[in-house]
Amino acid sequence: MKLGIVGLPNVGKSTLFNSLTKAGAESANYPFCTIDPNIGVVAVPDERLKLLGDMYHSKKVTPAVIEFVDIAGLVKGASKGEGLGNQFLANIREVDAIVHVVRCFEDPNVIHVDGSVNPLRDIETINLELIFSDLEVLERRLSKVTKAARMDKTLAKEEALLLRVKEHLEAGKMAKSLEISDEDELALMKEYNFLTYKPVIYAANVSEDDLSDDGASNAMVQQVREFAAKEGSEVFALCAQIEQEIAELDDAEKAEFLEELGVKESGLEKLIKASYSILGLMSFLTAGEDETRAWTIKVGTKAPQAAGKIHTDFERGFIKAEVVNYKDLLEQGSLAAAREKGLVGMEGKDYVVKDGDVILFRFNV
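What you see is a predicted model; the values in this text were computed from it and never measured. Per chain, residues are indexed from 1 in the order of the written sequence. Local features in this predicted model are restricted to residues whose pLDDT is 70 or higher, and side-chain atom pairs enter the listing and the counts only when it is 80 or higher, whereas totals over whole chains, interfaces and linings include all residues. Working from all heavy atoms in the structure, the side-chain values ignore hydrogens and water.

Engineer: I'd love a proper account of helix α9 (residues 267–279), names of residues and values included.
Structural biologist: For α9, built from 13 residues, the straight-helix expectation of 18 Å at 1.5 Å per residue is met to within 8% by its first-to-last C-alpha distance of 18 Å. Of the residues making up α9, those classed as buried are Gly267, Leu268, Lys270, Leu271, Ile272, Ala274, Ser275, Tyr276, Ile278 and Leu279. Secondary structure is summarised from DSSP: a helix means a run of H or I of at least four residues, a strand means a run of E of at least two, and numbering begins at the N terminus for each. Phi turns positive, to about 65 degrees, at Gly280, one or two residues after α9. Expected span of a helix, by definition, is 1.5 Å for each gap between consecutive residues, and there is one gap fewer than residues. Residue exposure (1.4 Å probe, protein chains only): buried if accessible area is under 20% of the type maximum, exposed if over 50%, otherwise partly exposed.

Engineer: So, the environment of Glu139: which residues are in play, and what are the values?
Structural biologist: With respect to the helices, strands and loops of the structure, Glu139 is situated in helix α3 (residues 119–149). A residue is classified by how much of its surface remains accessible, and Glu139, at 37% relative accessible area, is partly exposed. In sequence terms Glu139 and Leu162 are 23 residues apart; their C-alpha atoms lie 8.7 Å from each other. Leave out the neighbours within four places in its chain, and Glu139 touches Lys166 and Glu170. Note on contacts: a residue pair qualifies if any of its non-hydrogen atoms lie within 4.5 Å across the two residues.

Engineer: Describe the environment of Met174, with residues and values.
Structural biologist: Tracing the chain through its elements places Met174 in the loop between α4 (153–170) and α5 (183–192). The class for Met174 is buried, based on a relative accessible area of 9%. Among all residues touching Met174, those that are not within four sequence positions of it are Asn127, Leu130, Ile131, His168, Leu169 and Thr196.

Engineer: Any details on α5? Residues and values, ideally.
Structural biologist: For the α-helix, the turn length of 3.6 residues means that residues three or four positions removed from each other point alike. Restricting attention to buried positions, one finds in α5 the residues Glu185, Leu188, Met189 and Tyr192. Buried residues of α5 fall within an arc of 100 degrees about the axis and therefore sit on the same side. In α5, those exposed residues whose orientation departs by more than 90 degrees from the buried face are Glu183, Lys190 and Glu191. Check the buried side of α5 and you find it contacts α3 and α4. Each polar contact in these results corresponds to two N or O atoms within 3.5 Å; when the atoms are within protein, one needs to be able to donate a hydrogen and the other to accept it, and residues that are neighboring in sequence are counted only if both atoms are side-chain atoms. The backbone nitrogen of Asp184 has a side-chain oxygen 2.9 Å away, supplied by the residue at the start of α5, namely Asp182. Trailing α5 by a residue or two, Asn193 shows a phi angle of about 60 degrees, which is positive. Think of the arc as the fan of directions from the helix axis to the C-beta atoms.

Engineer: Mind laying out the packing of α3 against α4, listing which residues take part and the relevant values?
Structural biologist: Between N-to-C directions, angles cover 0 to 180 degrees, with each direction set by a line fitted to C-alpha atoms, over the stretch in contact for helices. Close contact between α3 and α4 brings their axes to 9 Å; oriented N to C, the two are set at 155 degrees. Classified by the angle their axes make, α3 and α4 are roughly antiparallel. In the packing of α3 onto α4, the handedness of the crossing is left-handed. Here Ile131, Asp134, Leu135, Leu138, Glu139, Arg141, Leu142, Val145, Thr146, Ala148 and Ala149 of α3 lie close against α4, whose contacting residues are Leu155, Ala156, Glu158, Glu159, Leu162, Leu163, Val165, Lys166, Leu169 and Glu170. Under the scheme applied here, ten amino acids are nonpolar (Ala, Val, Leu, Ile, Met, Phe, Trp, Tyr, Cys and Pro), four are charged (Asp, Glu, Lys and Arg), and all others, including Gly, are polar. By residue class, the composition of the contact of α3 with α4 is 13 nonpolar, one polar and seven charged. Every angle not falling under 35 degrees, over 145, or within 65 to 115 is termed oblique; those three ranges are roughly parallel, roughly antiparallel and roughly perpendicular. Note on convention: the crossing is left-handed when the near helix lies turned anticlockwise from the far helix by less than a right angle, right-handed when the turn is clockwise.

Here it is as C-alpha cells:
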C-alpha cells in the first residue's frame, strides 16, 4: 500500500511524516523546506503476528508495510508555478490513496501561508491544485485521443469520457464525484491515475488538548468531518507534535504515554485503520517456524487469489486452503490441536478469505 501525504506548508505534514517513518524529513517553520519528495516505509503494527511468531518460534516475523510519500507543501497557484510549482504532484500519481493533512489548531508561533487558520479554505486550495494538475494530464491524453478517434470507435468512446471529465474538473469538482457506471470507463479512470479520483483520508492536526476526545470539541475538526462525509472520505484527528514524541518511545513507554494523554490509539494506528477501510483491505496470515507473515489483500478475495499474493505458482496449482482463525490457533497452541477440535477448515476455490485467517495452502505445480 502506498499513501501520498499532501497539505499546505506548515500544517504539520513533514512533522507527521517524520513521526510515521522516523525518516527524519526536514521540518521547519517556513514554507517549502521539503523540496524533494521524502519516501518512508512503515511496518503495520499487528499484535497477531507477534503472538503467532512467539508460538511458532519463527525465525522471522514479517509485517505488512505501507509506503509514505511526502511532497513539498502546496500553495494557491502551484499549478501555475507559484511556490515550487506542482511538479511534485507527479510523485504521488502512483499512490493508492491521499492523506491530506489539515491544520485545525491555532498557534501564533507557527506561520500560516494564508495568514489565518481555516481548514475548509485550505482543503479547497489543495483540491484546486489537484484539479489543475489533473487537467494538465487530461489535456495531453485528449490531444492524442482526438486525432485518432475519428477512425476508432473505442477511442471515440474514450474521447467522450475525457470530455465529460474535463467539464467536471473545470467546474471545480473532483473526478471521483463524476457518476460513471460503464465498466470500460471505470477501467480507464483507474488507468489515468487522476489525483482527484483517488480516495482521501483527512488527517486533522489538532493541539494536544483536543486529542483525548478525538477532536470532538474542536469546531474546525467538525467542519472537516462534515465535509469529508459528503464526499465519502475518512477523517481522523491527531497531534503531529505528539506523534513525533511517541515515535521516540519503545512499545511499553508508548502505551503508558498514550494512557496519560487519555488516548486509545496513536495517529499511525488511526491512519492505518482509515487507509485499510477506505481501500477495502485486510490481512491474512501465514505462520511457521521459518516465517510468520501478514499479507494484505482486498476484502472479498478468494483463496486462490490470496495464494497468488505469496507466489503465482500457489494460485496456478491451488488445490485446497487449510484455514484456522488466529484466535482459535493461539488458544489451542498448535495447528494439530486446532485440527483435533475441528477448528481447521479445508476450503476450496470459492472460499472468501477473512481478516485474521491463518492459512496453509496446498498446491501442485
